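# Structural description and commentary
Listed below, chain by chain, are the residues.
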Amino acid sequence: MASPVRFREDANLEEDLVLGGYRDRVVVELAQNAADAALRAGVPGRLRLTLDGGTLTAANVGAPLDADGVTGLSTLRASAKVGDGAASPDAASPVGRFGVGFAAVLAVCDEPSMLSRDGSVRFSAGDARREVERAAERSDGLRAEVLRREGRVPVLRLPFPAEGQPEQGFDTAVVLPLRDEAARKLVRNLLAGVDDALLLALPALAEIVVDIDGDVRRLSAVRDADGVCAITDGAEESRWRIVAASGAIAPELLADRPVEERARPVWALTWAVPCDAADEPRRPATVPVFHGPTPTDEPLGLPALLIATLPLDPTRRRLAPGALTDFLLDRAADAYADLVRDWPAKTPGLLRLVPGPIADGPVDAEVRRRIVALLAQTAILPAAAVPDKEDEAEPEPLLVPREAVVLTPNSGALVAALEDVIPGLLPAGFEKDQAALSTLGVRGIGLGDVVEAVAGLDRPPAWWSALYTALDAVSGDDPLAFDALAALPVPLADGRTVRGPRGTLRPAGSLDDATLAALTPLGLRVIHPHALGEGSRLLERLGAQPAEPRVMLADPSVLQALDAAYDPVPLGDDDASSDPLAVAEAVLALVRAADPRPGERFGLGRLLLPEADGGLTPAGELLVPDSALAGIVDPELYGFVDAAWVERWGSGVLHAAGVPDGFPLLRDTDVLLDPDTLDDELAELEGFEDWAEHVEALCPPDSAPVVLAELAGVIGLETVRPEAWARALELLAQTPALRQAVMRPARLSLADGGKLTLPPATAWWLSRTPVLAGKCPADLVAGDDTALAGLYDPLDPADAGALANDAEFLTALGVKTTALELLATPGGPDELLDRLADPDRPVTRSQLTDLYCTLAEVPADQVSPPDHLRATLDGELVVADADDVVVVDAPDLLPLLAGRPYLPIPLRFATALADLFDLDLASEVIDAGVDEPGEVRDVPEAVRALLPDAPVTYVEHDDLILADGTEVDWRVADGVVHTSTFDGLARGLAWAAGRWDQRHLVAAMLAEPERIADLLVEVDFE
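Computed from a predicted structure; not experimentally measured.

Of regular secondary structure, the protein possesses 37 helices and 42 strands. By the burial criterion, 50% of the 1022 residues in the protein qualify as buried. Sequence-distant contacts in the protein: of pairs separated by 6 or more residues, those separated by 24 or more amount to 64%. Split by element, the accessible area of the protein, about 46900 Å² in all, is 51% carbon and sulfur.

As structure tokens, this is what we get:
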């Protein structure tokens, strides 16, 4: 103490420990001293920590204080335990090293004392300072050092005798009068923070009692032979599974370590993991740091507590880098892998022990890297499938992660179904921790991989049922899962296995084995009943249809069976699937089971049925003898179903199966109308090609392609016997679908975006076929409209038969009713003009005029300029070449048209019809001016009063001779009225005034001026 240098070294060292590494370790160091004492005495350690007011007392059992102990307390870095167990790894303990821990008391106390049954010592900052000051009187250097430190001296270098004994039941007591309130607050927090980690780090302690001002906590630890430590903290109990390891340290690893460490060349470590009663690991609630063995500041993010003899830096808070640290981290990783491998509960909770990818610090990262590398190569995972073992006492085999497979999504039922199919499959639940599995390198598979794994398996139907049920439970409503399961194998009732539920049939309860056997010839993909059960829901959602008669009749396999029946296989062949009669019976059985509604048809016209003459003929080419169609069509074109089959199955079933009882319908959508490229099916529709050409002719130029939105046509009308058309038409009218095919207009879409509505193909063909008493409907007219009289033949109600009162159907067949309806039909105006130009058709003058007036209202794009027209020639109606016909647009030109045909129409329609028919106006082709002079006269006032717009004057001629030499009564030329007679003057004035209707009144007024008043009175009544 008299040496200034030694004084400075001791003071600096003690100050570094108190202010640095041990500033908040007083409780831990006191507990470690207690553990050392218990270990030396070979007794279960007990420690009582009591904070009473301003004093902390730590009482413990074990070896009492002796001379070596006092030396250790008063000599920093010189432990009394030098050489203890140095040569034996088994004696290594992760507690009490190097004699520096007691210095931690100086962080909170200046007057610590240690009381023992064999003697007591105390340390005092005040007494030590007085001793140093006396020594300083003899040493100038020491005096200067004391002054430099302002009186602060090392406390633990000078022990003093002390009085007192530890309380009853304890061998040693450390009494610490706390320095101030800050020290008390620190100690109180440290005592409140005592937890399981302290008992785990100091296994020599069996009990710790914490008394804070009378509030007592008792923590006790009980360790069993299975490596489980149960810690009780008051009313709470926690379980820790522990693995410990120890060994010798090679001298070369200690070369750079202090001599005190080289004197004890052994290492020891403990991993502790909290778990519940079922051994499910839990995250530690203790401070997540490395313990070396006391807590350090190195963070540890693993789900475990590590207590090890790790080399620490001088601050006692960080691991010292170097070869020894690397060696001990390797040993820690080895022990951790053993802990995971030997973990008793091989449940998904085991994955909580797998380190995550994000470390809490550099040392934590190093430990994680080592552990993950080892776990990936260690058999730690349970296999779902356990092979039979002769010795049940042997542990179940475990899987190395790279050999393991995890299924996502998963369930226990799915694993049970696949455990002997997919090697290395993990039990259900492991898939929930994908991060841990990925860290270990476990291969993941999805539902698509399951489908491939079970492809080709030969398993009983009940096994498939269990698989489907399990897959249904895990797939939920995920559309991606349904995509993955689309090719799932499905066992069929006939022994086959097919890929994919889509197109398969789920048998109903009524389909027993006998029924399924009867359907074998149809090749239906009926699922085996034993493969369903709860799994039928999955198959349904993947496309399996219910095995109902209607669904089965629409199945492609039925159509394939019908096609296969055409192969020349002898009847009675052992293969029922190739026997046409077996196919027919199976199909008819399904039709009967479907209980067809009246008029319902299943479109099975290719079904081969026995004919009356003994052969096999498609159902569509056969008739039932008493059917309505049998008395209509040509009997040479159809056969008859064998009478025994008619009696057995009934006409209703046969008709529903495809034997016609009425004319079949051809339906299609978006049909491209090209007369040059019609397919064979459309060619079956009588007159369709001619109708397509008719449509093409009606369409504007460059309107191709023309698309028919919806086609519905009646097939087989060409087979009707001529004398049976009345019944055939009645059948068409009374059958709703056939009636619609005749009456529903055809709607066409043109390439230029235009639309066109026409009578459908069937109605168009019927209108041009002699179906009404040998007459074509298009040549007939019905009703009271006389405008079409003579142009069409009148319909005799007797010829219409039952249709006489069905005007709507007759109109659809093409029978005309009115001129307006005819003109509203596409092509109707051209048809009317053609009939008017037929010289054999009688037409009256008034009828012709009315029809031309009606035509004048038709849009120009709906009329084609005719080649011939019915016109007036020299007062007679004739059929003339259209190029010779003119349209009279002025009445004074009429006398000039001798020998030239013209249209007998009102003058107001002249321009419209000239444009519509592409004809010349009379004023455009006749040039007859007035060259002869005349006398200008005034128009009488009475006439001007009647005709305000008439000219004021007119020119009177003795003889009105036109330039071409024609003599006329009147002419209006360039707005001037020329006349040679009163009647001519009246016509000229009326025409010039725009009141042609008043020409006769004006003539009377000019001829009898004395009667003008009487004549005008009559005008009031017009």
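Additional details are given in the paragraphs that follow.
If you trace the 4 strands from one edge of the open sheet to the other, you get β27-β28-β29-β30, paired in antiparallel fashion. With one partner strand each, in any of the chains shown, β27 (665–673) and β30 (755–758) form the two edges of the open sheet. Adjacent strand axes in the sheet meet at a mean angle of 20°, parallel and antiparallel pairs treated alike.

What follows deals with the side chain of D830. With respect to the element layout, D830 can be found in helix α30 (residues 828–836). Notably, D830 is buried but unbridged: the nearest opposite-charge side chain belongs to R768, and the N-O separation is 11 Å. A polar side-chain atom of D830 sits 2.9 Å from the main-chain amide nitrogen of S864. Dropping the residues within four chain positions of it, D830 is found in contact with Q862, V863 and S864.

Here the focus is helix α36 (residues 999–1007). Three or more residues of α36 are buried, namely R999, L1001, V1002, A1003, M1005 and L1006. Residues of α36 that are buried in the fold lie against α34 (941–946), α35 (982–992) and α37 (1012–1019).

The subject of this paragraph is a negative patch on the surface. On the surface, a cluster of negative charge is contributed by D834, D867, D881, D883, D884, D915, D918, D920 and E924. Position of D881 among the secondary structure elements: in strand β34 (residues 876–881).

Quick look at the pairing of strand β11 (residues 266–275) now. The buried fraction of β11 is high, at 10 of 10 residues. Neither face of β11 is open: one carries V266, A268, T270, A272 and P274, the other W267, L269, W271, V273 and C275, and all of them are buried. Relative to β11, strand β10 (residues 236–248) is paired through 10 bridges, and the arrangement is antiparallel. Each bridged residue has a counterpart across the sheet, and for S246 the counterpart in β11 is A268.

Applying the stated criterion to the full structure yields 46 salt bridges. Across the pair R841 and D838 runs a salt bridge whose closest N-O atoms are separated by 3.8 Å. The class for R841 is buried, based on a relative accessible area of 17%. R987 is paired through a salt bridge with D983; the nearest N and O atoms lie 2.7 Å apart. A residue pair is termed a helical-turn pair when its members lie 3 or 4 positions apart in one helix, as R987 and D983 do in helix α35 at 4 residues. Taking the relative accessible area as the measure of exposure, D983 reaches 37% and is therefore partly exposed. Linked by salt bridges that have partners in common, D326, D330, E366, R369 and R370 make up one network.

This paragraph deals with the packing of aromatic side chains. Using the criterion set out here, one finds 9 aromatic pairs in the structure. The ring of F170 is capped by R46, whose NZ or CZ atom sits 5.0 Å from the centre of that ring. The ring of W463 has R459 sitting right over it, with the charged end atom 5.0 Å from the ring centre.

Okay, the sheet that holds strand β38 (residues 953–956) next. Pairing within the open sheet is mixed, and its 4 strands lie in the order β37-β38-β42-β41. Whereas interior strands pair on both sides, the edge strands pair on one side only; in this sheet they are β37 (935–938) and β41 (970–973). With direction set aside, neighbouring strand axes in the sheet form an average angle of 30°. By the bridge criterion, 2 bridges tie β38 to strand β42 (residues 976–979) in an arrangement that is parallel. Within the sheet, the bridge partner assigned to V955 lies in β42 and is H978.

This part takes up the confidence of the model for the protein. Averaged over all residues, the pLDDT of the protein equals 86, while 89% of them reach at least 70. The low-confidence segment residues 82–100, where pLDDT is below 50, has 56 contacts with residues more than four positions distant or belonging to other chains.

Outside of glycine, negative phi angles account for most residues, and trans bonds account for most peptide bonds. The amide bond that connects T408 to the next residue, P409, takes the cis arrangement and shows omega of -5°. Here D213, not a glycine, exhibits a phi torsion of approximately 55°, which is positive. Along the chain, the position of D213 falls in the loop between β7 (205–212) and β8 (215–223).

Cut-off values and rules
- Residues numbered from 1 in each chain as written.
- Predicted model: local features only at pLDDT ≥ 70, side-chain atom pairs only at ≥ 80, totals over all residues.
- Heavy atoms only, no water.
- Helix = DSSP H or I, 4+ residues; strand = E, 2+ residues; numbered from the N terminus.
- Buried < 20%, exposed > 50% of the residue type's maximum accessible area, 1.4 Å probe, protein only.
- Contact = heavy atoms within 4.5 Å.
- Areas by Shrake-Rupley, 256 points an atom, 1.4 Å probe, with all protein chains shown as cover.
- Pairing = 2+ DSSP bridges.
- Axes fitted to C-alpha atoms, helices over the stretch in contact; angles between N-to-C directions.
- Lys, Arg positive; Asp, Glu negative; His and termini not counted.
- Salt bridge = Lys/Arg side-chain N within 4 Å of Asp/Glu carboxyl O.
- Polar contact = N/O pair within 3.5 Å; in protein donor to acceptor, adjacent residues only side chain to side chain.
- Patch = residues over 30% accessible without salt bridge, like charges linked within 9 Å, V, L, I, M, F, W, Y side chains within 5 Å.
- Charge placed at Lys NZ, Arg CZ, Asp CG, Glu CD.
- Phe/Tyr/Trp six-rings, centres within 6.5 Å; stacked < 30°, edge-to-face > 60°.
- Lys NZ or Arg CZ within 6 Å of the ring centre and 35° of its normal.
- pLDDT = per-residue confidence, 0-100.

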